[in-house]
Number of protein chains: 2
Amino acid sequence: MEQPDEFKKVSMAVIKRLPKYHQCLLNLLKDNVERVSSQKLSKILGFTASQIRQDLNNFGEFGQQGYGYNVSQLYTEISKILGLNTSHKMVLVGAGNLGQALANYTGFSTHGFNIVAIFDSNPKLVGRKIKDISIYHVEDIEYIINENDVDIAILAVPQDKAEKIAIKISKTCIRGIWNFTPKEITVNSDIVVENVHLIDSLFTLSYHINEGKLQERLIKQKRKISLTHR
Amino acid sequence: MEQPDEFKKVSMAVIKRLPKYHQCLLNLLKDNVERVSSQKLSKILGFTASQIRQDLNNFGEFGQQGYGYNVSQLYTEISKILGLNTSHKMVLVGAGNLGQALANYTGFSTHGFNIVAIFDSNPKLVGRKIKDISIYHVEDIEYIINENDVDIAILAVPQDKAEKIAIKISKTCIRGIWNFTPKEITVNSDIVVENVHLIDSLFTLSYHINEGKLQERLIKQKRKISLTHR
DNA sequence: ATATTTATGTTAAAACTATCACAAACGGGG
DNA sequence: CCCCGTTTGTGATAGTTTTAACATAAATAT
């Protein structure tokens, strides 16, 4: 069960913070800041300085006592950790509303994530282009992914088609699926799935809005005498 | 520091799982399943049965020994907890690509979240409609929000405009902001902010894809002798 | 009726995360 | 060259979340 120290798994909590460090360091870099302490990062990010030091130490000793961290160096390191030093080829599956919005969004390509092909089952869309990227029919997806050595598939299809396409994709060289469908995707292979469940996010917001009213209800609830069913 | 038991705060981890319970129970309801045990839910959701029982117990005693949970009743309870028993009025700020995609998406309205107005600063868009919802100029936003008793503002504007609009909005009757801009939003009042940071999500995916290669790098890194700066 | 099975709510333990605290190391000024 | 202030990396500590275990109670079978 015990793993050698060097392979100690980095916790999910840490991983989720990495993009924040990346973003923050990029901003500092743009402002020509040369060095930064965990203290300063703490102020900007709202995490404790201690946590920042521990987070970074999961990946190496990037800092220096009495000096702090070199912004440029740390930025480079975190970029490497996140796999941002190499560019990534993506395909977009589903050219509906959401799909089109994602295709039109340029923010990803500035970080080296480029959509190289779009797929849809609607014959009216096939053959068209969005931002110079051709839309192909889904039946060609396996071939095109393998041929172009694509990394990531963005899933923006209707819910009921998600499973079928995920299975198709899992037989290609794809490494990760960025899933925008509400469906929970399970692929047997070692493909990574990252979910963007908008409804969950909206419901969480709704919960917090509702929280005040809830408190009153809770008290009553807890005092309630359990009733027999039927 | 100690709070009375009844007001014990529900942890974020639990809250994030509530939408999953909601979704799952809706599916069971559709399949006319009358009762369900934590065991069965565990199979479907992939959480442990123990966790499910503990999660639900944060809000009340909804189950019955030897019987389990009544699907319909539990669904209703969780809906109430999430604030889904009443409908919510939303405004969409920003009718760009992402904004249009969100406006066209019908999934929210089936859960009682309705967009009642759209705002943009582009005069070419103002006056048009998306799915029968009018696009107004942003300068009218405060008036329209208050007049219509709007709950939630969806922020889908360019990054640099996010802060300004957030401040505007915070002076209205709005209760929550659903933030799709990469910017971290801070409003002083008791408005709830829920972030959808797509780039973070993509980077997390990239991290996991990159994880294998990283392991090798890590070992070297840890053995590296620290060098002096400059 | 009664026994057996099912399955909850809850307490206790384990696992995981975040924070604290400090020795060790470096930079910079005299 | 040495001292002093700074700031890291890390081991100890505190806090949170998850999992396990079980007493208790209802449902079902006999």
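Residues numbered from 1 in each chain as written. Chains lettered and ligands numbered in written order. Predicted model: local features only at pLDDT ≥ 70, side-chain atom pairs only at ≥ 80, totals over all residues. Heavy atoms only, no water.

1. A few points about the layout of surface pockets
Put simply, the test is: Using protein atoms alone on a 1 Å grid, points that fit a 1.4 Å probe yet trap it form a cavity, whereas open point sets bounded by protein on both sides within 12 Å along at least five of seven lines form a pocket; residues with an atom within 4 Å of a point count as lining. Grid points are joined across faces, edges and corners, and a volume is the space filled by probe spheres set on the points. Every helix listed is a DSSP run of H or I at least four residues long, and every strand listed is a run of E at least two residues long, numbered separately from the N terminus.
The space that makes up the second largest pocket amounts to roughly 1500 Å³. Sorting elements by how many residues they give to the lining of the second largest pocket places helix α1 (residues 12-30) of chain B first, with eight residues.

2. Concerning the protein's contact with DNA strand C
The cut-off we apply is this: In these notes, residues near a molecule or strand are those with any non-hydrogen atom within 4 Å of it. As used in this structure description, the phrase polar contact means that two N or O atoms lie within 3.5 Å; if the pair is within protein, one of them must be able to donate a hydrogen and the other to accept it, and residues adjacent in sequence are counted only when both atoms belong to side chains.
DNA strand C sits among 28 residues. The nearest are A:Arg17, A:Ser50, B:Ser38, B:Gln54 and B:Tyr69. Here the atoms of DNA strand C within 4 Å of the protein split so that 63% fall in sugar or phosphate, with bases taking the remainder. The side chain of B:Gln54 places a nitrogen or oxygen atom 2.7 Å from a base oxygen of DNA strand C. Counting only elements with at least two residues in the surface near DNA strand C, the list comes to α1 (12-30) and α3 (49-57) of chain A together with α3 (49-57), β2 (63-64) and β3 (68-70) of chain B.

3. Some thoughts on the protein's contact with DNA strand D
Selection criterion: Classification used: nonpolar for Ala, Val, Leu, Ile, Met, Phe, Trp, Tyr, Cys and Pro, charged for Asp, Glu, Lys and Arg, polar for all others including Gly.
Residues in contact with DNA strand D amount to 29 residues; listed here are only the nearest, A:Ser38, A:Asn57, A:Tyr69, B:Arg17 and B:Ser50. Within 4 Å of the protein, the contacting atoms of DNA strand D are drawn from sugar and phosphate to the extent of 64%. Contact between DNA strand D and A:Ser38: a phosphate oxygen at 2.5 Å from a side-chain N or O atom of the residue. No other element matches the four residues that α3(B) contributes to the surface near DNA strand D. A per-class count over the surface near DNA strand D returns five nonpolar, 19 polar and five charged.

4. Looking at the sheet that holds strand β10 (residues 192-195) of chain A
Residue and element names in this part refer to chain A. Selection criterion: Any two strands between which DSSP finds at least two bridges are classified as paired. What makes two residues a contact is simply this: any of their non-hydrogen atoms within 4.5 Å. Between N-to-C directions, angles cover 0 to 180 degrees, with each direction set by a line fitted to C-alpha atoms, over the stretch in contact for helices.
With mixed pairing, seven strands are arranged side by side in an open sheet as β6-β7-β5-β4-β8-β9-β10. Every interior strand has two partners, whereas the edge strands, β6 (129-130) and β10, have only one. The pairing of strand β5 (residues 113-120) with strand β7 (residues 133-137) spans three bridges and is classified as parallel. When the bridges of β7 are listed, aspartate 120 appears paired with histidine 137. Here helix α7 (residues 159-170) sits on the sheet and contacts β4 (88-93), β8 (152-155) and β9 (176-179); the angle it forms with β8, its principal contact strand, is near 170°.

5. Focus on helix α4 (residues 71-81) of chain B
Residue and element names in this part refer to chain B. Condition: Only protein chains enter the area calculation, which uses a 1.4 Å probe; residues under 20% of their type maximum are buried, those over 50% are exposed, and those in between are partly exposed.
Those residues of α4 lying buried are Val71, Leu74, Tyr75, Glu77, Ile78, Ser79 and Ile81. Measuring from the backbone nitrogen of serine 72 back to the side-chain oxygen at the start of α4 gives 3.1 Å, which picks out asparagine 70 as the cap. Trailing α4 by a residue or two, glycine 83 shows a phi angle of about 75°, which is positive.

6. Considerations on the packing of α1(B) against helix α2 (residues 38-45) of chain B
All names here are of chain B. Convention followed: Should an angle lie under 35 degrees it is considered roughly parallel, over 145 roughly antiparallel, and from 65 to 115 roughly perpendicular; all remaining angles are considered oblique.
Axis separation between α1 and α2 bottoms out at 11 Å; the angle between their running directions is 105°. If you check the angle between α1 and α2, you find them roughly perpendicular. On the side of α1, the interface is formed by Lys20, Tyr21, Cys24 and Leu28, while α2 contributes Leu41, Ile44 and Leu45. Its residues assigned to classes, the contact of α1 with α2 comprises six nonpolar, no polar and one charged.

7. Side note on empty space enclosed by the protein
One pass over the structure, following the stated rule, counts two cavities of 30 Å³ or more. Considered as a void within the structure, the second largest cavity measures approximately 40 Å³ in volume. A:Leu98, A:Leu102, A:Phe180, A:Val196, A:Leu198, B:Leu98, B:Phe180, B:Val196 and B:Leu198 are the residues that line the second largest cavity. Split into classes, the residues belonging to the lining of the second largest cavity amount to nine nonpolar, no polar and no charged.

8. Regarding the relation of the copies chain B and chain A
Test applied: The least-squares superposition of copies is restricted to C-alpha atoms, and to residues with a pLDDT of at least 70 in both copies.
Overlaying chain B with chain A gives an RMSD of 0.1 Å, the required rotation being 180° about an axis along which the chain moves by 0.1 Å. This pairing of chains is accounted for by a two-fold axis. In terms of proximity to the rotation axis, the leading residue of chain B is B:Ala101, whose C-alpha is 3.0 Å off the axis. By residue overlap, the copies meet face to face through one surface: 100% of the interface positions of chain B are interface positions in chain A.

9. Here we look at the side chain of A:Asn70
Residue and element names in this part refer to chain A. With respect to the helices and strands, asparagine 70 occurs in strand β3 (residues 68-70). A distance of 3.1 Å separates a polar atom in the side chain of asparagine 70 from the backbone nitrogen of serine 72. A polar atom in the side chain of asparagine 70 sits 2.8 Å from the backbone nitrogen of glutamine 73.

10. Remarks on unusual backbone geometry
Residues and elements named next belong to chain A. Phi at asparagine 32 is positive, roughly 60°, even though this residue is not glycine. Within the fold, asparagine 32 resides in the loop between α1 and β1 (35-36). A relative accessible area of 69% means that asparagine 32 is categorised as exposed.

11. A few points about the side chain of B:His88
Among the structural elements, B:His88 can be located in strand β4 (residues 88-93). A polar contact is formed between the side chain of B:His88 and the backbone oxygen of B:Gly83, at a distance of 2.7 Å. Setting aside anything within four residues of it in sequence, one finds B:His88 in contact with A:Ser206, B:Gly83, B:Gly112, B:Phe113, B:Asn114, B:Asp151 and B:Ile152.

12. Brief notes about the sheet that holds strand β8 (residues 152-155) of chain B
Residue and element names in this part refer to chain B. Spatially, the seven strands line up as an open sheet ordered β6-β7-β5-β4-β8-β9-β10, and their pairing is mixed. In the strand order of this sheet, the two ends are held by β6 (129-130) and β10 (192-195), each with one partner. Pairing of β4 with strand β5 (residues 113-120), which is carried by six bridges, proceeds in the parallel orientation. The residue bridging histidine 88 from the neighbouring strand is phenylalanine 113, located in β5. Together, β4, β8 and β9 (176-179) form the strand contacts of helix α7 (residues 159-169), whose direction differs from that of β8 by roughly 170°.

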